[in-house]
Amino acid sequence: MAVDQESTDSLLFLNTELIRFEPVNKVTAVFFDESNKQIFAVRSGGATGVVAKSLDPTRNASFRMEDRGPVISIKFSPDQKVLAIQRNKTSVEYVNFSGEPDTVEYSQGCRSRSATILDFVWVADTELVYVTDRGVEHYQVLPARRQLKSLKNSSLSINWSVFSARFSYLLVSSGALGNTLQPFTFKPGTMTKLTKFDVELMEVPRPARLALHAHDVTLCELHGQLAVLALQHGAAAGSPSSSSSPGHGAEIRLHQANRDGAMVKNSTLLLNTSGSFAISVIDNLIIVHHQESKTSQVFDITLSGESDGCVTFQRAVAPPAAIRPFQLRLPTAAAALDSEPTLITCELYAPSWVVFQPNIIIDAKLGCFWTLAVAVEAVPRVLADPVAATRLLLARRAGKPVLLGLLRQLLRQPGRLGAVGDALDLVNAQTQRQLEHTVSSQMGTPVSAIGTSPTLPATRPVPFVISQADLHGEALSALVDRDLLGRADQRWVTGVLVECVRSLNQHGLAVEHFLYEMLINTLVLRGCFYQLQQLLQYHVVDDSKPLACLLLSLQSVYPPSEQMALDMLCRLGNAHEEILEVLLSRNCVACALKFARQNDMIESLSARKFLDVAKNTGDSDVFYTTFKFFEERNYQSRGKVDFLSGEHCDPYVRHFSQLFGASSSIREALEAAQRREDGL
């Protein structure tokens, strides 16, 4: 059992759910298969047992095999149906596996008798590759026949190799200095040789000797793209190469594929120290461990850095810090037997630590298999600059709740409006990228851009977006409520809301109504009516029906807001009904009828509504004009001036009769015209 010691000033911690295995001793050898993330404890060459453990419990296995000599390497096929065991430098033995190893082994040696196997890797369930000092050999395993079939070979002098199962990408080193790297990729039944590239060395040894080693090169995934990290140890002070970059000490050269699939150096990570290093990659962060100082540095290549026009020089996002202290609770019986305390503190950055990709740390002496993790919640405490913390959190999958908390705290610090604006710009830029990704996905990918190289980046969505609803619910609403209740400075709240609107508009994002509502209400509470009018006049606030309704509701506080609402509805061009309602609410019946005539709305008007408003004005002239308007409409549409029974206008007809008599001038004119026609 493991116990994690809380520490507020460290971004890194070891997961408490670790894997325990038998430590290395005189009879037990320990091997790790980086592709399958499996660790093997082999006792007495396998005769007294082999225990395989993995992060995936379904891949755990325990079995015995015949001791045929010391084991150099042992690996399962990806489907765990074939076990490969290397016991010498020229061949590998195979045994079919189904819970227990088969009793019959079969083997395959190098094609060249003088070649030496440097490593072998499984590239598929039934395919593997030998990396020898003479070249790369691709084989197909035929378990039913208990034999291997050669698929393809590539001859070249090789120093060492590294392999990425995630991209099925093999990188081999050649040349006297070891800095010429030749990539190979694999698909079922095929091996493809890609364009080789050189890693620039900080210092070329004289005489020439191997200067770049396998432990200096890391294959990893960064933002969905394969990356090659090459560690360059610092040049001696005063040497010609010591001034070739902005910093001294060790550096990491980062290579990524360009559009043609060729590896190109585009970033350099400045470590500013020298010594022994190891690299982990977690959630697109590059973690560089330094054994001598027992600290780790965290790099994010998306952050800005110094550039010489071709290469960006990156520095750590925070000062070097140690992984959180870690304690291990031993079983009581074992503790009593060894006379050790029940709870022991693990040595961090121990010499027995071995680091594997992407985030695995193994202590073969202690018998522990950990995964390293990033404490995203510690980012705001470690990074004092809220803008840098925002940029870092936006690229983390679990960063959304932490970022919302950071924004909530930032919005409560009056005087930091510049930081608020910069943070909101980063948030809205990410939302804009997500929208562009969605549009791109809906449009589809051109055929010419598909699958040219496994190293090319794929278009991927961002880790998360913070919507305006998120910002309102988690930060802005609490800010406004707190300030209203506490009678605090509303000027700060106004500034924050204006920054929200400005940032959204700058990134082409439609502003939600509730943000405008908060802004307008805050201005009204402050009595800043002139500023409100300026925002509307210069269209800082977008026109909308809900916003016009809000302005109408403010009439009692600020009477001109009603006219501002009418102007906004007119500008919208699709709010005729709403404009009529506003005019009727102001008893402007004649204006409403004129507006309806100008916009061809006469046929759809409710006579009862208009007559009711006209009657309630108490002005007989207004009622007379309104009544005659609808009689004329009735005659033009139906040839009769009478209202239909369904219009329920009888009370208004009686009211008209009471005021002006039963006859109508229109009716009299029509009857006279009819009599003249009858006389003819």
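From a predicted model like this one, the values you see are computed outputs, not experimental measurements.

**Q** Please explain the overall build of the protein as it appears in this structure.
**A** The secondary structure content of the protein amounts to 17 helices and 34 strands. Per-residue burial over the protein gives 49% buried out of 680 residues. Sequence separation of at least 24 residues holds for 52% of the intrachain contacts in the protein that already meet a minimum separation of 6. Summing over all exposed atoms, the protein offers an accessible surface of approximately 32,800 Å²; the carbon and sulfur share of this is 52%.

**Q** Explain a nonpolar patch on the surface to me, please; I cannot follow it from the model alone.
**A** On the surface, Tyr624, Leu659 and Phe660 cluster together into a nonpolar patch covering about 240 Å² of accessible area. Relative to the elements of secondary structure, Leu659 occurs in helix H16 (residues 650-660).

**Q** Would you mind showing me how to read the environment of Tyr558 here?
**A** Here Tyr558 shows up in the loop between helix H10 (545-553) and helix H11 (560-572). A residue is classified by how much of its surface remains accessible, and Tyr558, at 13% relative accessible area, is buried.

**Q** Help me understand the packing of helix H12 (residues 576-585) against helix H13 (residues 589-598) in this model?
**A** When two helices pack together, their arrangement is captured by the angle between the axes and the distance separating the axes. Remark: H12 packs on H13, axes separated minimally by 8 Å, with the N-to-C direction vectors making an angle of 160°. Considering the angle they form, H12 stands roughly antiparallel to H13. The handedness of the crossing between H12 and H13 comes out as left-handed. Residue-level contacts link His576, Ile579, Leu580, Leu583 and Leu584 of H12 to Val589, Cys591, Ala592, Phe595 and Ala596 of H13.

**Q** Would you mind going over the sheet that holds strand S14 (residues 135-142) with me for this structure?
**A** The strands making up a sheet associate through backbone hydrogen bonding, with each pair oriented either parallel or antiparallel. Reading across the sheet, the four strands line up as S12-S13-S14-S15 and stay open at both edges, with antiparallel pairing between neighbours. Each edge of the open sheet is held by one strand with a lone partner, namely strand S12 (117-124) and strand S15 (147-155). Geometrically, the sheet is characterised by an average inter-axis angle of 20° between neighbouring strands, direction not taken into account. Sheet analysis places strand S13 (residues 127-132) next to S14, joined by six bridges and oriented antiparallel. Considered in S14, the bridge of Val131 is made with Val136.

**Q** Looking at this structure, how should I read the packing of helix H3 (residues 386-394) against helix H4 (residues 400-410)?
**A** Running from N to C, H3 and H4 cross one another at 160°; their axes reach a closest spacing of 10 Å. One element, H3, and the other, H4, form an angle in the roughly antiparallel class. The handedness of the crossing between H3 and H4 is left-handed. Contacts between H3 and H4 pair Pro386, Ala389, Thr390, Leu393 and Leu394 from the former with Val402, Leu403, Leu406 and Leu410 from the latter. Residues of the contact of H3 with H4, tallied by class, amount to eight nonpolar, one polar and no charged.

**Q** Help me understand the confidence of the model for the protein, please; the structure alone is not making it clear to me.
**A** When pLDDT is low, close inspection of the predicted coordinates is not appropriate. Of all residues in the protein, 88% have pLDDT values of 70 or greater, and the mean over the chain is 83. With pLDDT under 50 throughout, residues 1-5 is counted as low confidence; its partners more than four residues away or in other chains account for 20 contacts. Confidence drops under a pLDDT of 50 for residues 332-337, and excluding neighbours within four residues, the segment shows three contacts in the predicted structure.

**Q** Which parts of the structure should I look at to understand the pattern of salt bridges?
**A** Pairs can form between side chains of opposite charge whenever their charged atoms are close. The tally for this structure, following the rule as stated, stands at 23 salt bridges. Salt-bridge contacts for Arg146 lead to Asp102; the nearest nitrogen and oxygen are separated by 2.5 Å. Linking Arg146 in the loop between S14 and S15 with Asp102 in strand S11 (residues 101-109), this pair joins segments that are 44 residues apart in sequence. Residue Arg146 is classed as partly exposed on the basis of its relative accessible area, which comes to 35%. The residue Arg502 makes a salt bridge to Glu499 at a minimum N-O spacing of 2.8 Å. One end of the pair is Arg502 and the other is Glu499, both in helix H7 (residues 490-506) and three residues apart, which spans about a single turn. Classification of Glu499 as buried rests on a relative accessible area of 17%. One network of salt bridges, with partners in common, ties together Glu66, Arg68, Arg87, Glu93 and Glu105.

**Q** What exactly am I supposed to notice about the pairing of strand S34 (residues 368-374) here?
**A** Looking along a regular strand, one sees the side chains alternate between the two faces of the sheet. With seven of seven residues buried, S34 lies mostly within the body of the structure. Neither face of S34 is exposed, since Cys368, Trp370, Leu372 and Val374 on one face and Phe369, Thr371 and Ala373 on the opposite face are all buried. Bridging between strand S2 (residues 12-14) and S34 involves three bridges; their strand directions are antiparallel. Bridging from a neighbouring strand, Leu14 pairs with Leu372 of S34. Inspection of the sheet shows strand S3 (residues 19-20) paired to S34 by two bridges, in the antiparallel sense. Each residue of the ladder has a partner; that of Ile19, found in S34, is Phe369. Bridging between strand S33 (residues 360-363) and S34 involves four bridges; their strand directions are antiparallel. In the sheet register, Asp363 faces S34, and the bridge partner there is Cys368.

**Q** How should I be thinking about the side chain of Thr132 in this particular structure?
**A** When you line up the elements, Thr132 lands in strand S13. A polar contact is formed between the side chain of Thr132 and the backbone nitrogen of Arg134, at a distance of 3.0 Å. With residues near it in sequence (within four places) discarded, Thr132 still touches Cys110, Ala115, Thr116, Ile117, Leu118, Glu137 and Ile158.

**Q** Would you explain the environment of Leu410 in this entry?
**A** Looking at the secondary structure, you find Leu410 in helix H4. Classification of Leu410 as buried rests on a relative accessible area of 3%. Measuring from C-alpha to C-alpha, the distance between Leu410 and Ala475 comes to 9.2 Å, with 65 residues separating the pair along the chain. Not counting chain neighbours up to four residues away, the residues in contact with Leu410 comprise Pro386, Arg416, Ala419, Val420, Ala423 and Trp492.

Rules behind the numbers
- Residues numbered from 1 in each chain as written.
- Predicted model: local features only at pLDDT ≥ 70, side-chain atom pairs only at ≥ 80, totals over all residues.
- Heavy atoms only, no water.
- Helix = DSSP H or I, 4+ residues; strand = E, 2+ residues; numbered from the N terminus.
- Buried < 20%, exposed > 50% of the residue type's maximum accessible area, 1.4 Å probe, protein only.
- Contact = heavy atoms within 4.5 Å.
- Areas by Shrake-Rupley, 256 points an atom, 1.4 Å probe, with all protein chains shown as cover.
- Patch = residues over 30% accessible without salt bridge, like charges linked within 9 Å, V, L, I, M, F, W, Y side chains within 5 Å.
- Salt bridge = Lys/Arg side-chain N within 4 Å of Asp/Glu carboxyl O.
- Axes fitted to C-alpha atoms, helices over the stretch in contact; angles between N-to-C directions.
- Parallel < 35°, antiparallel > 145°, perpendicular 65-115°, else oblique.
- Left-handed = near helix turned anticlockwise from the far one by under 90°.
- Pairing = 2+ DSSP bridges.
- Nonpolar A, V, L, I, M, F, W, Y, C, P; charged D, E, K, R; others polar.
- pLDDT = per-residue confidence, 0-100.
- Polar contact = N/O pair within 3.5 Å; in protein donor to acceptor, adjacent residues only side chain to side chain.

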